[in-house]
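# Coordinates in review
Residues per chain, in single letters:
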Amino acid sequence: MSKRVLTTESGAPVADNQNSATAGAGGPLLLQDQHLLEKLARFNRERIPERVVHARGSGAYGHFEVTDDVTGFTHADFLNTVGKRTEVFLRFSTVADNLGGADAVRDPRGFAVKFYTEEGNYDLVGNNTPVFFIKDPLKFPDFIHSQKRDPFTGKQEPDNVWDFWAHAPEATHQVTWLMGDRGIPASYRHMNGYGSHTYQWTNAEGEAFFVKYHFKTNQGVRSLSTEQAQEIAGKDPNSHQTDLLQAIERGVRPSWTLHVQIMPAAEAADYRFSPFDLTKVWPHKDFPLQRVGRLVLDRNPDNVFAEVEQAAFSPNNFVPGIGPSPDKMLQGRLFAYADAHRYRLGVNHTQLAVNAPKATPADNYGRDGLMASNAQGRAAKNYEPNSYGGPAETGRPLSAPLAVAGWTGTHEAPLHTKDDDFFQAGELYRLMSAEERSRLIANIAGGLAQVSRDDVVEKNLAHFHAADPEYGRRVAEAVHALRED
């Protein structure tokens, strides 16, 4: 076997990779040392802008296998046959911290799945919680600013975190999730994933259904206490990455069972609360979980930067049979995610290996731009329609149309009979055991007691009182005790 030759990026062989060219022995460096300049220039550009949110992530490849017939609800090709397998890439992440942050922290976890289907890539971008803090994307930049590092102190500030939540009563449900026992997963393998948003499925007859996705971990849910997480984060900030990498390398294949909740579209308008409100869950007694299939991870990326850091997920990557709902947060993400990737990775990021379709080619008239690699033959046209046999539209919409009516303007969401910011947070609290409630109270009080303004503390306490009187009273007592110390 011949020895491999080190080359420059243009392919020229490198004579010496240990010593820079100088003007005589011990003299100054020479500008003509192309190999040195190329190495330093590339090194300066190894990093790209990190994600504003979900910066710290891990990922793996695997497959999704259909186990149950759902063709009565969607004509999506990758779901049309029991036993059918589709290659997937799954990226996990924390939300608020930077790229170098620790894994074992109290924070929601991103759970983003790319299905490489025969009808194009389908991206399902969710979290490990079924709800979120807000329900209108106009508030998202403000929310993230309140959770990220303060521009003056350079660190996360309890005053900012709790001040925003004080002015966002709809966040009470998600705060209860985050501060509860599932707020710090023991690993990425030991947490559930959720589509969180409401999506639309359409069957072959054109009937529309609204759906919510639930990926239930087959490893069992395991979480860390605050004290356990602090110890682990200090010993190995990369604990979740280490666990996922090593598990797959030693042959363990983490898996999740996908279930969906299905609501006939006609029932949405008169349901007791808005089914498109991201701060609420659909009760299982109204819409039971229906099994769809099994997701399995079995291969680690060869290069974390190329395949995890450059992985781009966009909720607007739908396939026939699946589409959006009027969920306002989802509607905002349909634009924001793809635009973020165009900024971070360039307009041709979909040509990168991890993002490109695998089971079907991409065939369109997008041309040129930074790092374009989809060069066409010299006779290929870059406009449509044309008379030269280029790709043409199908005339078949991916999903059923959504009915709209009313005046344009900035509207508050229409109220359903049981719309409420606090009821489901109270329901979640009352589902907890006595021990779970105590840990929840301690976690909330530990953060809220650090807030410097009494009015912000009182506004937050009012939210917990509204969710459940005992909940509010216990948080108030715990905060008072900590502030007296």
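Refer to the structure above for everything that follows.
A brief report on the enclosed structure follows. (Residues numbered from 1 in each chain as written. Predicted model: local features only at pLDDT ≥ 70, side-chain atom pairs only at ≥ 80, totals over all residues. Heavy atoms only, no water.)

What follows covers unusual backbone geometry. At the junction of Glu384 and Pro385, the peptide bond is cis and its omega measures out at 5 degrees in the coordinates. Looking at the secondary structure, you find Pro385 in the loop between helix 8 (328–345) and helix 9 (423–431). Positioned with a positive phi, Asp368 is a non-glycine residue whose angle comes to about 65 degrees. (Helix = DSSP H or I, 4+ residues; strand = E, 2+ residues; numbered from the N terminus.)

Our focus in this paragraph is helix 11 (residues 454–467). With 14 residues, helix 11 extends 20 Å from end C-alpha to end C-alpha; this agrees with the ideal 20 Å at 1.5 Å per step. Here the buried face of helix 11 lies against helix 3 (158–166), helix 4 (172–179), helix 9, helix 10 (434–448) and helix 12 (469–484). (Expected span 1.5 Å × (residues − 1). Contact = heavy atoms within 4.5 Å.)

On inspection of all chains with the given rule, the structure shows 28 salt bridges. Its salt-bridge partner being Arg453, residue Asp455 comes within 2.7 Å of it at the nearest N-O pair. Classification of Asp455 as partly exposed rests on a relative accessible area of 32%. Across the pair Glu470 and Arg474 runs a salt bridge, and its minimum N-O distance is 3.8 Å. With Glu470 and Arg474 both in helix 12 and four residues apart, this pair spans about one turn of that helix. Classification of Arg474 by relative accessible area gives partly exposed; the value is 23%. (Salt bridge = Lys/Arg side-chain N within 4 Å of Asp/Glu carboxyl O. Buried < 20%, exposed > 50% of the residue type's maximum accessible area, 1.4 Å probe, protein only.)

Moving on: the environment of Thr257. In this fold, Thr257 is placed in strand 8 (residues 255–264). For the pair Thr257 and Gly293, spaced 36 residues apart in the sequence, the C-alpha separation amounts to 5.9 Å. Apart from the residues lying within four places of it in its own chain, the contact partners of Thr257 are His214, Phe215, Lys216, Asn218, Arg291, Gly293 and Arg294. Here Asn218 takes part through its side chain, which lies 3.0 Å from a polar atom of the side chain of Thr257. (Polar contact = N/O pair within 3.5 Å; in protein donor to acceptor, adjacent residues only side chain to side chain.)

All right, on to the packing of helix 4 against helix 9 then. Between two packed helices, what matters for the description is the angle formed by their axes and the separation of those axes. In the contact formed by helix 4 and helix 9, the axes pass within 7 Å of each other and the chain directions differ by 25 degrees. For the element pair helix 4 / helix 9, the angle class is roughly parallel. Listed contacts from helix 9 to Thr172, His173, Thr176 and Trp177 of helix 4 are Gln424, Ala425 and Leu428. Taken together, the residues of the contact of helix 4 with helix 9 break down into three nonpolar, four polar and no charged. (Axes fitted to C-alpha atoms, helices over the stretch in contact; angles between N-to-C directions. Parallel < 35°, antiparallel > 145°, perpendicular 65-115°, else oblique. Nonpolar A, V, L, I, M, F, W, Y, C, P; charged D, E, K, R; others polar.)

The relative placement of two aromatic rings is captured by the distance of their centres and the angle of their planes. Counted under the stated rule, the structure contains 31 aromatic pairs. Taking 4.8 Å as the distance between ring centres and 10 degrees as the angle between the ring planes, the aromatic pair formed by Phe92 and Tyr188 counts as stacked. Of this pair, Phe92 sits in strand 2 (residues 85–94) while Tyr188 sits in the loop between helix 4 and strand 5 (193–194), and the two are 96 residues apart along the sequence. Take Phe92 and Tyr188: they sit in the same class, and that class is buried. Ring plane angle 40 degrees and centroid distance 5.8 Å describe the contact between Phe92 and Trp256, whose orientation is recorded as tilted. Of the two residues, Phe92 is situated in strand 2 and Trp256 in strand 8; the sequence distance between them amounts to 164 residues. Both residues of the pair, Phe92 and Trp256, belong to the buried class. Three or more aromatic residues joined by ring pairs make a cluster, and in this case those are Phe64, Phe78, Phe115, Tyr122, Tyr199, Trp201, Tyr213 and Phe318. Its end group placed over the ring of Phe313, Lys114 keeps NZ or CZ at 4.9 Å from the ring centre. A cation over an aromatic ring shows up here: Lys358 above the ring of Tyr116, its NZ or CZ 4.9 Å from the ring centre. (Phe/Tyr/Trp six-rings, centres within 6.5 Å; stacked < 30°, edge-to-face > 60°. Lys NZ or Arg CZ within 6 Å of the ring centre and 35° of its normal.)

Moving on, we come to empty space enclosed by the protein. Counted according to the given criterion, the structure contains four cavities of 30 Å³ or more. The calculated volume of the largest cavity comes to roughly 80 Å³. Lining the largest cavity we find Asn128, Thr129, Trp177, Arg182, Pro185, His190, Met191, Asn192, Tyr194, Val221, Arg222 and Ser223. Partitioned by chemical class, the residues of the lining of the largest cavity number five nonpolar, five polar and two charged. (1 Å grid on protein atoms, 1.4 Å probe; cavity = no way out; pocket = protein on both sides within 12 Å on 5 of 7 lines; lining within 4 Å. Points joined across faces, edges and corners; volume = space filled by probe spheres on them.)

Assignment of secondary structure puts Lys84 in the loop between strand 1 (57–66) and strand 2. On the basis of relative accessible area, Lys84 is assigned to the buried category, the value being 18%. Within polar-contact distance, the side chain of Lys84 engages the side chain of Asp77 at 2.8 Å. If sequence neighbours within four positions are ignored, Lys84 has contacts with Phe64, Glu65, Val66, Asp77, Phe78 and Glu118.

Another point: the packing of helix 11 against helix 12. At their nearest, the axes of helix 11 and helix 12 sit 5 Å apart, and the two run at 150 degrees to each other. It follows from the interaxial angle that helix 11 and helix 12 lie roughly antiparallel. Seen along the crossing, helix 11 lies across helix 12 with a hand that is right-handed. Of helix 12, the residues touching helix 11 (which contributes Asp454, Val457, Leu461, Phe464, His465 and Ala467) are Pro469, Tyr471, Gly472, Arg473, Val475, Ala476, Val479 and Arg483. For the contact of helix 11 with helix 12, the class distribution of residues is nine nonpolar, two polar and three charged. (Left-handed = near helix turned anticlockwise from the far one by under 90°.)

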